[in-house]
Amino acid sequence: MAHKTPTSTGRVDGLSGTNLSKAGDYNQRVVLQAIRAKGDVTRLELAKLTGLSHQSVFNICRRLIDEGTISEVGRTSGGRGQPATRVAIKADGAFALGLNIDRDHMTLVLMDLSGEVKYRIYADKHFALPHDVLEFLRISIDDILKKNLIPKSRLIGLGVAIPDRLGGVEVAERPKDYDQWSSFDFLGAAQAALMMPVYRENDATSAAIGEAQFGRGINHTSFVYILISAGLGCGLIINGRSYAGSLTHAGEIGNIPIVLRDGSPGTLWNVVSLYALYVELEKYGIAVDSPDDLSESDQAMQPAIDAWVEMAADAMLQPFLAITYILSPNVHFIGGQLPHFITIKLCDALNIRTAAQEGAIPLTRFEPSTTSKDAAALGAAVLVIQSRLLPRVELLTNDALGRTA
């Protein structure tokens, strides 16, 4: 399925160029992001959008054309004087890989600069070890190149969306050697094997970025993305930017202590995850080990699924009331590997519970994610494009290197 980068006018809000010296790289990224957001635009319009001088924009556009990331796409007719040339993103100007690794699957996508997914592969594999993932990458990239989907020179990097403490959390059926994820330098190994830059982000944060770029998150400046897969986490988008917190643990909701139904202490992860759902199904005599085994038409499954939904909604209510009151997000999206029909049930159950709590302050609603199971991989690919080509405030610090426009 193809995903296109939306051209909302809101995507350039808060982005402006700078006329400080040694800020050329930042200015180039700002101009490129403005072009991505607007679709096609004249240089004069870019100058107004970014606050840069017309000459600076002209020089930057010339560099971007020479680099192959934008192209001239026609002229604006009407008005006085010579028609103005319009520029737009050149979709095949750059490509990024996005990899999502979890305890029950691997997903790889290849995205072009316009946001279209050119290649996708999903592997339903439980507890893949680092060497398994590296081999999966090698085979997939060989396949991409053999099919001549892209020129290798245009591949600008790999983004990896991976749960924090992947090898350090005890879950059912976890093999003993899985703890090697805690010490293995996967990014270093991937960079050495692929000979390209590799970037890493928490999977829930990546999913939130994916929803912000390709889903209904484009319409919201602040939202929470709840990622339910083998584990549980959430990504935060606040004022249009992902938020990790000072200790980089923002969104680790799976670790929130709760009291389980039997009165014993536990964490939210013990109740809200695919593995917790599988345990509930086992109580009804139904063996499941993959989201693909969960069927809306299988009536035998429905009582177990409904029981899990009620249990999960009960456990999630208080933590998400706290998140709502503290952050006041526009919406809570639920996505990940949880099948869509179960996600709808869970959203409905949570909305019923929050409506019962609602008083003078309106409470945030829960809605299904539109990017769902591919959100983390999409966000990982976006991470590459952001890191390599789009604005980063740290480029303006004293130790940043750049060119003047």
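Before any of the text, the structure's been laid out above.
Below or above, wherever it landed, is the structure these notes cover. Source: prediction; values computed, not measured.

**Brief notes about the overall build of the protein**
Here is step 1: In terms of regular secondary structure, the protein is built from 10 helices and 15 strands.
Here is step 2: Looking at the protein residue by residue over its 405 residues, the buried ones come to 53%.
Here is step 3: The contacts of the protein with a sequence gap of at least 6 include a subset with a gap of at least 24, amounting to 67%.
Here is step 4: Counting only carbon and sulfur atoms, one obtains 51% of the accessible surface of the protein, whose full area is about 18,400 Å².

**Considerations on the pattern of salt bridges**
A side chain with one charge may pair with a side chain of the opposite charge, provided their charged atoms come close.
Here is step 1: Overall, the coordinates contain 16 salt bridges when judged by the stated rule.
Here is step 2: Between R353 and E310 there is a salt bridge, with its nearest N and O atoms 2.7 Å apart. Taken together, the residues R353 in helix 9 (residues 340-357) and E310 in helix 8 (residues 302-327) connect sequence positions 43 residues apart.
Here is step 3: Classification of E310 as partly exposed rests on a relative accessible area of 36%.
Here is step 4: In this structure, the salt-bridge partner of R353 is D314, at a minimum N-O distance of 2.8 Å. In this pair, R353 is assigned in helix 9 and D314 in helix 8, connecting sequence segments 39 residues apart.
Here is step 5: Residue class for D314 comes out partly exposed when judged on its relative accessible area of 42%.
Here is step 6: Several salt bridges share partner residues, and in doing so they unite R261, E310, D314 and R353 into one network.

**Some points on unusual backbone geometry**
Here is step 1: Backbone geometry at M195 places phi at a positive 55 degrees, although glycine is not the residue there.
Here is step 2: Looking at the secondary structure, you find M195 in the loop between helix 5 (186-194) and strand 8 (198-202).
Here is step 3: Taking the relative accessible area as the measure of exposure, M195 reaches 70% and is therefore exposed.
Here is step 4: Phi at N239 takes a positive value of approximately 50 degrees, unusual for a residue other than glycine.
Here is step 5: Looking at the secondary structure, you find N239 in the loop between strand 10 (232-238) and strand 11 (241-243).

**A short note on the pairing of strand 5 (residues 106-112)**
Here is step 1: Where burial is concerned, most of strand 5 is hidden: seven out of the seven residues are buried.
Here is step 2: Of the two faces of strand 5, both are covered, the one formed by M106, L108, L110 and D112 as well as the one formed by T107, V109 and M111.
Here is step 3: Across seven bridges, strand 4 (residues 95-101) lies against strand 5 in antiparallel orientation. Across the sheet, L99 pairs through a bridge with L108, a residue of strand 5.
Here is step 4: In textbook terms, the turn of a hairpin is the stretch between consecutive antiparallel strands, and for strand 4 and strand 5 this stretch comprises four residues.
Here is step 5: As defined by bridge partners, strand 5 adjoins strand 6 (residues 117-123) across six bridges and the pair is classed as antiparallel. Counterpart to T107 in the pairing with strand 6 is Y122.
Here is step 6: Once strand 5 ends, the chain turns through four residues before running back antiparallel as strand 6, passing G115 with a positive phi of about 100 degrees.

What counts and what doesn't
- Residues numbered from 1 in each chain as written.
- Predicted model: local features only at pLDDT ≥ 70, side-chain atom pairs only at ≥ 80, totals over all residues.
- Heavy atoms only, no water.
- Helix = DSSP H or I, 4+ residues; strand = E, 2+ residues; numbered from the N terminus.
- Buried < 20%, exposed > 50% of the residue type's maximum accessible area, 1.4 Å probe, protein only.
- Contact = heavy atoms within 4.5 Å.
- Areas by Shrake-Rupley, 256 points an atom, 1.4 Å probe, with all protein chains shown as cover.
- Salt bridge = Lys/Arg side-chain N within 4 Å of Asp/Glu carboxyl O.
- Pairing = 2+ DSSP bridges.

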